[in-house]
Amino acid sequence: MAPASDPMVPTRYRVGDRTTETHDSVTLTLVPVRAALPTFDPGQFMMLAVPGVGEVAISISGDPAAPELQHTVRAVGAVSRAIHDAPVGSALGVRGPFGTGWDLGSCAGRDVVIVAGGVGLAAVRSALLAILAGREAYRRVVLVVGARSPDEFLFRRELDAWGASGAIDLEITVDQPTGDWDGPVGFVTEPVGRLSLDPGRTTALLCGPEPMMRFAARVLIGKGVAAEDVRVSLERNMQCGIALCGHCQLGELLLCRDGPVVDYATAGPLLHVREL
């Protein structure tokens, strides 16, 4: 049975595995019950639905080369809580993939700086996995990750492995140290500000709370990185995924179609308009 040709009709997937990331976040591995949806580009999102509860847009956090989907979900509302709590073997409706990706092809031969705050790491994980799989295509790769506290880092084992591999430069920081944390303390803008960059050959990928992205983008642009080479993943109230309902409008953009990944030359002026 082929996936539904109507983009508004969900395709049935089954929860094949679930991994607890933090006290309120899990990573679900979803496998198609029958035929799979088309492959995705890192940075795109899916619409996930729980029958009788609702539907919500979730970034794809898994490996783009893998046959299954992975979504890292934080329980913040009724729908995301229902998805978060879905047990292994249960069924979810999936639509997509939708939106724009990180355009990693244009990053080839360049330095890549990835900056993630909190659950924003989920939206850049697929890009990092793709970069690591084709590591020879890129120059220096830097990953800067921030969390409110040490126990809120997603993918903690992977972070340790990535940092130890030597394939990337890893910087992690927390807002509030707890327990035996002896690492850096502060916002992600601080390690970003300390980076030595080749600005003309650097592309930056940013995902996290909007204030974090604005400040990090400002630091990078201040170091000479072109606004067109700073890409941000934006979140608004996406409900249809195909630019029909208008709920995700940001100025002239419909983020389910023109985003979520937008270059900062386009996004920056819009994010500074309070009414938007």
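Bear in mind that the values here come from a model prediction, so they are computed numbers and not experimental data. What you see as residue numbers is a count from 1 along each chain, following the sequence as written. pLDDT decides what is reported in this predicted model: residues at 70 or higher carry local features, side-chain atom pairs at 80 or more are listed and counted, and totals for whole chains, interfaces and linings draw on all residues regardless. Calculated side-chain values reflect all of the structure's heavy atoms, with hydrogen atoms and water omitted.

Points about the pairing of strand β2 (residues 25–32)
Right, on to step 1. The rule is simple: take the accessible area with a 1.4 Å probe, protein chains only, and divide by the maximum for that residue type; under 20% is buried, over 50% is exposed, in between is partly exposed. A helix here means a DSSP run of H or I that spans at least four residues, while a strand means a run of E at least two residues long, and both kinds are numbered starting from the N terminus. Burial runs high along β2: six of the eight residues are buried.
Right, on to step 2. In the sheet, strand β1 (residues 11–22) pairs with β2 via eight bridges, with the strands oriented antiparallel. Looking across to β2, one finds that R18 is bridged to L28.
Right, on to step 3. As consecutive antiparallel partners, β1 and β2 are separated by two residues.
Right, on to step 4. In short, DSSP must find at least two bridges between two strands for them to pair. Taken together, the six bridges between β2 and strand β5 (residues 69–74) define a ladder with antiparallel strand orientation. Bridge pairing in β5 places T29 opposite Q70.

Topic: the sheet that holds strand β8 (residues 141–147)
Right, on to step 1. Strand order across the open sheet formed by six strands is β9-β8-β7-β10-β11-β14, with mixed pairing between neighbours. The sheet terminates laterally at β9 (169–174) and β14 (261–263), the two strands that pair on one side only. Across the sheet, the axes of successive neighbouring strands diverge by a mean angle of 15 degrees, strand direction being ignored.
Right, on to step 2. Where strand β11 (residues 230–233) and β14 come together, three bridges link them in antiparallel fashion. Across the sheet, the residue bridging to R231 is D263, located in β14.
Right, on to step 3. Only heavy atoms enter the contact rule, under which two residues are in contact if any of them lie within 4.5 Å. To get an axis, a line is fitted to the C-alpha atoms, and for a helix only the part in contact is used. The angle between two axes follows their N-to-C directions and goes from 0 to 180 degrees. Each of β7 (111–117), β8 and β10 (202–207) is contacted by helix α2 (residues 121–133), which is oriented at about 155 degrees to β7, the strand it contacts most.

Here we look at the environment of D263
Right, on to step 1. One can find D263 in strand β14.
Right, on to step 2. Remark: the alpha-carbon pair of D263 and P150, spanning 113 residues in sequence, is separated by 30 Å.
Right, on to step 3. Leaving out residues up to four positions away in the same chain, D263 has contacts with A227, E228, V230 and R231.
Right, on to step 4. Residues adjacent in sequence count toward polar contacts only when both atoms are side-chain atoms; beyond that, a polar contact is any pair of N or O atoms within 3.5 Å, and within protein one must be able to donate a hydrogen and the other to accept it. Here A265 takes part through its backbone nitrogen, which lies 3.0 Å from a polar atom of the side chain of D263.
Right, on to step 5. A distance of 3.0 Å separates a polar atom in the side chain of D263 from the backbone nitrogen of T266.

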